[in-house]
Amino acid sequence: MPALSAEEIALFQALLVGFAFAGFLANAFNWLTSQQPSFRMLESGGVGAVASVPLVVFSAPFIILRNTVRGRRHEKRNIWLVFLATLIACGWSMVAGRVIIALFQGF
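First, a word on scope: everything that follows refers to the structure included in this document. The structure presented is a predicted model; accordingly, all values stated were derived computationally and were not measured.

Attention now moves to the overall build of the protein chain. A count of helical and extended segments in the protein chain gives three helices and zero strands. Order of helices (α) and strands (β) in the protein chain, N terminus to C terminus: α-α-α. Here the protein chain, with 107 residues, has 27% of them falling under the buried criterion. A fraction of 67% describes how many contacts in the protein chain between residues 6 or more apart in sequence connect residues 24 or more apart. Counting only carbon and sulfur atoms, one obtains 69% of the accessible surface of the protein chain, whose full area is about 7500 Å².

Following this line, the structure appears as structure tokens:
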């Protein structure tokens, strides 16, 4: 089995950090407000919508996968849609993880 390159390890680390932070942020928001984060938070308009942008951006992988699992369970969505949503969530998580790692490396 070939060894992983440093870049592959960094991308995997970013993926894990992105998903972990998304789950932490979504659950912390749920605990503090007793409501689940959602993309619909952006529809409210005004200051509330602007303030919720960072929350939605960094918790999006969690929100996407939560909605995907619910859709598959309750609406019997096509498995290809689940696969596509999982790919989107992984890509988003990787980008968010890279941003989080870059922010913490600056300290």
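Structure shown, so let's carry the discussion forward.
Turning our attention to the packing of helix α1 (residues 6-33) against helix α2 (residues 46-75). Each pair of packed helices can be described by the angle between their axes along with the distance between the axes. Where α1 contacts α2, the two axes come as close as 8 Å, and the packing angle between them is 105°. Judged by the angle between their axes, α1 and α2 are roughly perpendicular. Across the interface between the two elements, F19, F21, A22, G23, L25, A26, N27 and F29 from α1 touch P54, L55, F58, S59, P61, F62 and L65 from α2. In terms of residue class, the contact of α1 with α2 is made up of twelve nonpolar, three polar and no charged.

Once that is clear, we can look at a nonpolar patch on the surface. Taken together, the side chains of F39, L42, V53, V57, L84, I88 and W92 define a hydrophobic patch exposed on the protein surface, amounting to about 550 Å² of accessible area. Those elements that provide at least two residues to the nonpolar patch are α2 and α3 (79-105). Sorting elements by how many residues they give to the nonpolar patch places α3 first, with three residues. Within the secondary structure, F39 is located in the loop between α1 and α2. When its relative accessible area of 32% is taken as the criterion, F39 is described as partly exposed.

Right, let's talk about unusual backbone geometry for a bit. Most peptide bonds adopt trans geometry, and most residues besides glycine take a negative phi value. The backbone of S34 sits at a positive phi, close to 60°, despite the residue not being glycine. Its place among the elements puts S34 in the loop between α1 and α2. With relative accessibility at 65%, the residue S34 sits in the exposed group. Positive phi is not limited to glycine here, since K76 has a value of about 55°. Summarising the element assignment, K76 is placed in the loop between α2 and α3.

The rules behind the values
Residues numbered from 1 in each chain as written. Predicted model: local features only at pLDDT ≥ 70, side-chain atom pairs only at ≥ 80, totals over all residues. Heavy atoms only, no water. Helix = DSSP H or I, 4+ residues; strand = E, 2+ residues; numbered from the N terminus. Buried < 20%, exposed > 50% of the residue type's maximum accessible area, 1.4 Å probe, protein only. Contact = heavy atoms within 4.5 Å. Areas by Shrake-Rupley, 256 points an atom, 1.4 Å probe, with all protein chains shown as cover. Axes fitted to C-alpha atoms, helices over the stretch in contact; angles between N-to-C directions. Parallel < 35°, antiparallel > 145°, perpendicular 65-115°, else oblique. Nonpolar A, V, L, I, M, F, W, Y, C, P; charged D, E, K, R; others polar. Patch = residues over 30% accessible without salt bridge, like charges linked within 9 Å, V, L, I, M, F, W, Y side chains within 5 Å. Salt bridge = Lys/Arg side-chain N within 4 Å of Asp/Glu carboxyl O.

None of this, on its own, says anything about what the molecule does.
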